[in-house]
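In case you want the letters, here they are:
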Amino acid sequence: MTDEKKIALKMIIDGVEKDISFEELALSNNLAQEALVRLLIEKKLFTPQELLDIMEKVKKERYRQVE
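The written sequence of each chain sets the order in which its residues are numbered from 1. Residues qualify for local features only when their pLDDT is at least 70, as the model is predicted, and side-chain atom pairs are given and counted only at 80 or more; totals for whole chains, interfaces and linings, by contrast, use all residues. In computing side-chain properties, one takes all heavy atoms of the structure into account and sets aside hydrogens as well as water.

K.L.:
Which parts of the structure should I look at to understand the environment of A35?
P.N.:
Counting from the N terminus, the helices are the DSSP runs of H or I reaching at least four residues and the strands are the DSSP runs of E reaching at least two. Mapped onto the elements, A35 comes out in helix α1 (residues 22–42). A 1.4 Å probe rolled over the protein chains alone gives each residue an accessible area, and that area as a share of the maximum for its type sets the label: buried under 20%, exposed over 50%, partly exposed in between. Among the residues examined, A35 registers a relative accessible area of 46% and is labelled partly exposed. Taking the C-alpha atoms as reference points, A35 and E17, separated by 18 residues in sequence, lie 27 Å from one another.

K.L.:
Just to check I follow, could you spell out the pairing of strand β1 (residues 7–13) for this structure?
P.N.:
Here the rule is simple: two strands pair whenever DSSP picks up at least two bridges between them. Across six bridges, the pairing between β1 and strand β2 (residues 16–21) is antiparallel. Residue pairing across strands places I13 opposite V16, the latter belonging to β2. The hairpin formed by β1 and β2 contains two residues between the paired strands, and D14 there has a positive phi angle of roughly 50°.

So yeah, pure geometry; function would need other evidence.
What follows is the structure, given as structure tokens:
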């Protein structure tokens, strides 16, 4: 097993190219998603239970049970 990370994308920030791994991208997306959900709940745009309900609905729509 190698420690070499698989590159998801390359970014140029202030003229410097930076490799972004799939792990870094996933963690960044997770952080942004959690922050957004917290903000929407704090602003009372939906409740935590409404979020759980819609997550269950999406899960049923997108994923099949293995028989």
